[in-house]
Amino acid sequence: MDMRRIMLALAALLVLASCAEKKPSFPLYGWDSVGKNPDLEEVRAKFQNYKAHGFTGICVQADLADIPAVAKIAHEEGLEYHAWKPCMLQSGKPHEWYTVNRLGQRADEFPAYVQYYQALDPANPEVQDYIVSMLTEIAAVPDVDYVQLDYIRYADAILARGLWEKYGLDFSNGPYPAADYCYCDRCVAEFKELTGIDILAAEDPQAVPEWTAFRCGKITQLVTKVCDAVHAMGKKVSADVFPGPDSHAVPMVRQQWDQWPLDMVFPMNYNDFYLQPAEWLAEITEEEVKASGDMPVISGLFICREWQRKSEIKDPEGHGLLPSEIATAVKGSLDAGAAGICLFTPGSMTPEHWAELDKLVL
Ligand SMILES: [Zn+2]
């Protein structure tokens, strides 16, 4: 064992010893990633540490080849396993699979914002088959409890308010045409046939509610196909979504996720991205719980790793919750009806964050 593993194991033992016999008071999850061919003893030590902090389950991004071993360890350590998988952002697929923006550009050749923003078209039957087969392959792994859909959406037609400066863009008048999808021939024709509206002739496509509904429907249909296939295998489906859905997810990325047949939903309630304080968690979770009916809502919290120098960090993606904000965020979410909490990420949690969380969980 190297020193890092020993330290992790010791930390887990210490927490275990201090809270033996105590049961976590609410379901707690975290998003985590493992690299290719991970050191499995290190994975186990990490999972033991999460378990000691009261985790119920873990959402892990891993290569398909590594999922069987990693998921098995999660089960051995008493953790529910969500196989976290980015869906619609993919590179190197056939050109026709990609969405087309309002300027007529395809996302593989002209990605919006950043090079990896190459979003597939959920209305394309070949894309649908590809996504369903990719996810059922994961669901077939014995120790996978949930397949967790991430990036199950269009590209951000509108960026979160906290990111406008970073990208030098202003969305106060609605979507950015270069990131507003999908205007491919198939989508335009199908929409015309359904509604009689020629969206290419519309002065302001954003002012056509049927057009928003059409695109939300395309994602909903794809998620429904995935859920049908995965449920038929006796497995469950969760998804990482934008907050809302009506306040953010629908206008920003066309996720009408309250209509998805999921088993659990993980809204990414990252308050700093929206320039909101920790108190916002209560407000947004209330909307989510009202919208989701029986579907359990797990409130996703963004943790600030370098919290001591947060005020010096310009990029909001380096912001997040301070240790002193953990109680407000967690209690606000749970009091508003969230079924649990998920941390993005446990790796960003400092000893000060853990101390605040442990007080609430254990
Ligand atoms: Zn299209």
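The structure under discussion appears in the preceding block.
Here the structure is a predicted model, which is why all the values come from computation and not from measurement.

Asker: When you look at the overall build of the chain in this model, what are you seeing that I'm missing?
Answerer: Across its full length, the chain carries 11 helices and eight strands. A compact globule built from 362 residues would reach a C-alpha radius of gyration of about 21 Å, and the chain, at 21 Å, matches this within 12%. Along the first, second and third principal axes, the C-alpha set of the chain runs to 65 × 45 × 35 Å. Counting every position in the chain, which comprises 362 residues, the buried fraction comes to 46%. Counting contacts in the chain only where the partners sit at least 6 residues apart, residues at least 24 apart contribute 75% of the total.

Asker: What should I look at first to understand the pairing of strand E3 (residues 80–86) in this one?
Answerer: Within a regular beta strand, the side chains point alternately toward one face of the sheet and then the other, so they alternate between its two faces. For E3, the buried fraction is high: five of the seven residues fall into the buried class. Bridging between strand E2 (residues 57–61) and E3 involves four bridges; their strand directions are parallel. Across the sheet, the residue bridging to Ile 58 is Tyr 81, located in E3. Each parallel crossover has a hand, and for E2 linked through helix H3 (residues 67–76) to E3 it is right-handed. For E3 and strand E4 (residues 146–150), the ladder comprises five bridges, and the chain directions are parallel. Among the inter-strand pairings, Trp 84 is bridged to a residue of E4, identified as Gln 148. Viewed along the sheet, the connection from E3 through helix H4 (residues 125–139) into E4 turns out right-handed.

Asker: How do you make sense of H3 when you look at a structure like this?
Answerer: Two residues of an α-helix separated by three or four positions point the same way, owing to the 3.6 residues in each turn. Of all the residues in H3, the buried ones are Ile 67, Val 70, Ala 71, Ile 73 and Ala 74. Down the axis of H3, the buried set is contained in an arc of 155°. They therefore lie on one face. The inward-facing, buried residues of H3 abut helix H2 (40–52), E2, E3 and H4. With its phi angle positive at about 80°, Gly 78 sits one or two positions after the end of H3.

Asker: Please clarify how the pairing of strand E1 (residues 28–33) should be interpreted in this entry.
Answerer: Judged by how many residues are buried, E1 sits mostly within the fold: five of six residues are covered. Taken together, the three bridges between E1 and strand E8 (residues 340–344) define a ladder with parallel strand orientation. Within E8, the position partnered with Tyr 29 by the bridge is Cys 342. Sheet topology note: the E1/E2 ladder contains three bridges and is parallel. Residue pairing for E2: Trp 31 is matched across the bridge by Cys 59. Handedness of the crossover is the feature at issue here: the chain leaves E1, passes through H2, returns alongside E2, and the resulting connection is right-handed.

Asker: Can you help me understand the sheet that holds E8 in this one?
Answerer: Within a sheet, neighbouring strands are paired by backbone hydrogen bonds and run either parallel or antiparallel to one another. Taken in spatial order, the eight strands of this open sheet run E6-E5-E4-E3-E2-E1-E8-E7, and their pairing is parallel. This sheet does not close on itself; its edge strands, each paired only once, are strand E6 (264–267) and strand E7 (298–302). On average, each strand axis in the sheet is inclined to that of its neighbour by 25°, with strand direction left out of account.

Asker: What is the right way to read unusual backbone geometry from this model?
Answerer: The phi torsion of most residues other than glycine is negative, and most of the peptide bonds are trans. Of note, the amide linkage connecting Tyr 181 to Cys 182 takes the cis form, showing an omega dihedral of 0°. Secondary-structure assignment places Cys 182 in the loop between helix H5 (164–167) and helix H6 (185–195). Look at the link from Gly 244 to Pro 245: it is a cis peptide, with omega at 10°. Here Pro 245 lies in the loop between strand E5 (236–241) and helix H8 (249–253). Phi is positive for Asn 37, which is not a glycine, with a value near 45°.

Asker: Looking at this model, I keep getting lost on the nonpolar core. Mind explaining?
Answerer: Generally speaking, a soluble globular protein has its nonpolar side chains buried in company with each other. Ile 58, Ala 83, Val 147, Val 223, Val 226, Val 237 and Ala 239 are the most contacted members of the largest nonpolar core, which totals 99 residues. Not counting the four nearest positions on each side in its chain, Val 223 is found in contact with Leu 149, Ile 152, Ala 239 and Trp 260.

Asker: Where do I start with the packing of helix H10 (residues 326–335) against helix H11 (residues 351–361) in this structure?
Answerer: Angle between the axes and distance between the axes are the two parameters that describe a pair of packed helices. Running from N to C, H10 and H11 point in directions that differ by 35°, and their axes come no closer than 9 Å. Along this stretch, H10 crosses H11, giving a crossing that reads as right-handed. Note on element contacts: H11 touches H10 through His 353, Glu 356, Leu 357 and Leu 360, opposite Ile 326, Ala 327 and Val 330. Looking at the contact of H10 with H11 residue by residue, the classes come out as five nonpolar, one polar and one charged.

Asker: What's the story with the environment of Gln 276 in this structure? I'm lost.
Answerer: As for its position among the elements, Gln 276 is in the loop between E6 and helix H9 (280–292). Its 18 C-beta neighbours within 10 Å are what place Gln 276 among the partly exposed residues. Distance from Gln 276 to Tyr 183, taken between C-alpha atoms, is 33 Å for residues 93 residues apart in sequence.

Asker: I keep staring at the environment of Cys 184 and nothing clicks. Help me out?
Answerer: With respect to the helices, strands and loops of the structure, Cys 184 is situated in the loop between H5 and H6. Here the alpha-carbon distance between Cys 184 and Asn 124, two residues 60 residues apart in the chain, equals 10.0 Å. Each residue touching Cys 184, except ones within four places of it in the same chain, is listed here: Thr 99, Val 100 and Asp 121.

Asker: What am I meant to see in the packing of H4 against helix H7 (residues 209–232) here?
Answerer: Interaxial distance between H4 and H7 falls to 9 Å at its minimum, and their mutual angle equals 35°. Considering only the axes of H4 and H7, their crossing is right-handed. On the side of H4, the interface is formed by Gln 128, Ile 131, Val 132, Leu 135, Thr 136 and Ala 139, while H7 contributes Leu 222, Lys 225, Val 226, Ala 229 and Val 230. Partitioned by chemical class, the residues of the contact of H4 with H7 number eight nonpolar, two polar and one charged.

What counts, and where the lines are drawn
- Residues numbered from 1 in each chain as written.
- Predicted model: local features only at pLDDT ≥ 70, side-chain atom pairs only at ≥ 80, totals over all residues.
- Helix = DSSP H or I, 4+ residues; strand = E, 2+ residues; numbered from the N terminus.
- Rg over C-alpha atoms; globule rule 2.2 N^0.38 Å.
- Buried ≥ 20, exposed ≤ 12 C-beta atoms within 10 Å, placed from the backbone.
- Contact = placed C-beta atoms within 7 Å.
- Pairing = 2+ DSSP bridges.
- Right-handed = clockwise from strand over helix to strand, strands pointing away.
- Arc of directions from axis to C-beta.
- Axes fitted to C-alpha atoms, helices over the stretch in contact; angles between N-to-C directions.
- Core = buried A, V, L, I, M, F, W, Y, C linked by C-beta atoms within 7 Å.
- Left-handed = near helix turned anticlockwise from the far one by under 90°.
- Nonpolar A, V, L, I, M, F, W, Y, C, P; charged D, E, K, R; others polar.

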